[in-house]
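For reference, the chains in residue letters:
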Amino acid sequence: MMGIIKAEWRKLRQRPAYIVGAALVVAVCALVYGVNYFQFTHPAVAGQAHAALDRQTLYPADFVLNVIGASFPLGAALAIVLGALASGAEYGWGTLKTVLTQRPGRLQALAGRVVAMGLWMGLLSCLLYGAGAICSLVIAGLDGHAVSWPSSLVIAQAVGATWLILGCYSLLGLALGFVFRQAAAAVGLGVIYLVLLQTILVRFVSGLGTAYEWVLKAFDGENAGSLVQSFGTAVPDPHAPPPLVGGSQAVVVLAVYALAFAAIAAGLLSRRDVT
Amino acid sequence: MEPTVIETHGLTKRYRNGVLAVADLDMSVRRGEVYGFLGPNGAGKTTTLRMLVGLIRPTSGWARVAGHAPGDSAGLARTGSLVETAGLYPYLSGRENMKVVADLAGVPHSRIDPVLDEVDLASSAHRRFGTYSTGMKQRLGVAAALLKTPELLILDEPTNGLDPQGMAEMRRLIRELGQGERTVLLSSHLLGEVQQICDRVGVISGGRLVTQATVAELRGERGVLVRAEPIEGAQQVLTAALGAGSVTTVDGTLQVGIDPARGAEVSARLAAAGIAVTELRPLERSLEEVFFQLTGEEQGS
């Protein structure tokens, strides 16, 4: 099994899309911090709304609250793309047959890929928080502000929550890659589901009244959003609705979704012919 | 050790769209031989090979490959395969691709250099696979198949898309690989290639195995060809000796319907009659003729 994980990791860590994805995470984080800092330091240019924001939210004490918002839906969309590429491209390149005609069985090969993908999503999560921490530290240094960090437990929980969200959606992408046996359609449908289809469905179910709130609580997007919200926000919005579900429930629901996506991928890979 | 490395019985594949790709295939490949799997495009060769390596599940029938069911880990550990094109990662170098395959197959990385040397790609191993020529890609595919030091090597149309030089190199490589104890199953629709390389062939057409025999058995020996001067005199002598039905004139030569072992007798009779024999050889059918006869295809079509 270690050999399979090593092989899958070797494929992921050298793949340009994955490297670009990791760079994107760092770049977006730095950009957001940079833009926000510019707005605070140039209120005349940025306008009143931005000037009113609390500059202290950019310091290390609040970096978790600033960063975790990138997990969903932005991070989730990136995870779908990476997951879909991991499975869909194997059909186009004809590499799936190479993988499956070596020693490991189909489910073992998939397990190795899921583990490697999970490791990569963990790396992305660490990169995101690492970049956020460094940016906040730089800004605190620029302002000559004292540095204080959130507790290590909070940081660990936030990294874990982001990893769960990215992991869940990378498995959705992976499963869609196996469904369509190509990357492009899997990426397209996955992202459309995340940003459009689910939104329409949520609005529709919301319109049915409170009797159907349990349906809303089952949507993966609602749970991912609630998990992010459960950590609070750097700048509280009094008009924002409270999280639909608690953080613990969101973790369970997302874990169930992740397992379901992995099971779909396993079912498709083990039953289908590779033509 | 089992005498047969591949054995199938009633192997059948019908796709969901109703297409019967392989029908009731009984095939056996003996240990240590180079077996040619011949058939026109769409005959069912690739489907058969994909069933043998476990990529496609048969609708009915069974197969044993290297002593195991197709796709079984223990069987795959003893089987190297190149099914159609080399399926390797375009963004990885040749060597990194080999590392991926080695890790998947549970083979130490120390096997990589000898295998790259064997296919003459050691100097190009640092280049990205996507930049390789078609011939290099196929050779790296063969290298990947050889990493496990397999006792059975399954090669599906390995010369497809290669230029004449690439084809010649690949033929040389396959010939080398087929020496010793290794069994090679080579699928091809290139008859010259199979005739040059293989010990035994199976011919598949319309999903059915039409015949399975040695190349010599398939080509058969059906007489001797004689080129002599004057040809009319030679015809008279041989007709008188062997009967009118045994001698026919074709394109300025005589085709004599006797056992080729009696060639010396023909030569002696013509010499005794003062006729100069410029050529005398067994008359064999080419594998191409046999193939077209068996598959019902028209030559040159």
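Residues numbered from 1 in each chain as written. Chains lettered and ligands numbered in written order. Predicted model: local features only at pLDDT ≥ 70, side-chain atom pairs only at ≥ 80, totals over all residues. Heavy atoms only, no water.

In this section: the interface of chain B and chain A. Counting residues at the interface gives 31 residues for chain B and 29 residues for chain A. Summed over both sides, the interface between chain B and chain A buries roughly 2,800 Å², with carbon and sulfur atoms accounting for 54% of that surface. The largest share of the area that chain B buries against chain A comes from Leu55, Tyr91 and Leu104 of chain B, three residues that together contribute 26% of it. For the interface between chain B and chain A, the tally reads 3 salt bridges. The partner of Arg10 of chain A in a salt bridge is Glu96 of chain B, and the shortest N-O contact between them spans 3.0 Å. Of all elements in the fold, only α2 (73–77), β5 (79–82) and α3 (94–105) of chain B reach the threshold of two or more residues within the side of chain B that touches chain A. The element best represented in the side of chain B that touches chain A is α3 of chain B, accounting for 7 residues. Classifying every residue of the side of chain B that touches chain A by side-chain character gives 16 nonpolar, 7 polar and 8 charged. (Contact = heavy atoms within 4.5 Å. Buried area = accessible area lost by both parts, 1.4 Å probe. Salt bridge = Lys/Arg side-chain N within 4 Å of Asp/Glu carboxyl O. Helix = DSSP H or I, 4+ residues; strand = E, 2+ residues; numbered from the N terminus. Nonpolar A, V, L, I, M, F, W, Y, C, P; charged D, E, K, R; others polar.)

This paragraph deals with unusual backbone geometry. Note that the residue after Phe72 of chain A, namely Pro73 of chain A, is joined by a cis bond; omega there is 5 degrees. Positionally, Pro73 of chain A belongs in the loop between α5 (63–68) and α6 (74–93). Residue Pro230 of chain B is bonded to the preceding Glu229 of chain B through a cis peptide linkage, with omega at 0 degrees. Inspection of the secondary structure puts Pro230 of chain B in the loop between β10 (221–229) and α9 (231–242). Of note, the phi angle at Thr149 of chain B is positive, near 50 degrees, even though the residue is not glycine. A positive phi angle is found at Glu157 of chain B, which is not glycine, with a value near 50 degrees. Structurally, Glu157 of chain B can be placed in the loop between β6 (152–156) and α6 (164–177).

What follows covers the sheet that holds strand β7 (residues 183–188) of chain B. All names here are of chain B. Taking strand neighbours across the sheet as the criterion, the 6 strands line up as β5-β6-β7-β3-β8-β9 in an open arrangement whose pairing is mixed. Pairing within the sheet leaves two strands with one partner each, and these edge strands are β5 and β9 (208–214). Taking the axes of each pair of neighbouring strands and ignoring which way they run, one obtains an average angle of 15 degrees across the sheet. Sheet analysis places β6 next to β7, joined by 5 bridges and oriented parallel. From the neighbouring strand, Leu153 faces β7, where its bridge partner is Val184. Where helix α5 (residues 134–146) meets the sheet, it contacts β5 and β6, and its direction lies at approximately 165 degrees from that of β5. In this fold helix α11 (residues 287–295) packs onto β3 (34–38), β8 (200–205) and β9, with an angle of close to 35 degrees to the strand it touches most, β8. (Pairing = 2+ DSSP bridges. Axes fitted to C-alpha atoms, helices over the stretch in contact; angles between N-to-C directions.)

Ranked by size, the top nonpolar core spans 102 residues in total, and within it Tyr169 of chain A together with Ile6 and Leu185 of chain B carry the most contacts. Sequence-distant contacts of Leu185 of chain B, defined by excluding residues within four places in its chain, comprise Ile6, Met27, Val29, Tyr35, Phe37, Leu49, Leu52, Leu153, Ile154 and Leu155 of chain B. With 49 residues, the next largest nonpolar core counts Ala125, Met170, Ile197 and Phe291 of chain B among its residues. (Core = buried A, V, L, I, M, F, W, Y, C linked by side-chain atoms within 4.5 Å. Buried < 20%, exposed > 50% of the residue type's maximum accessible area, 1.4 Å probe, protein only.)

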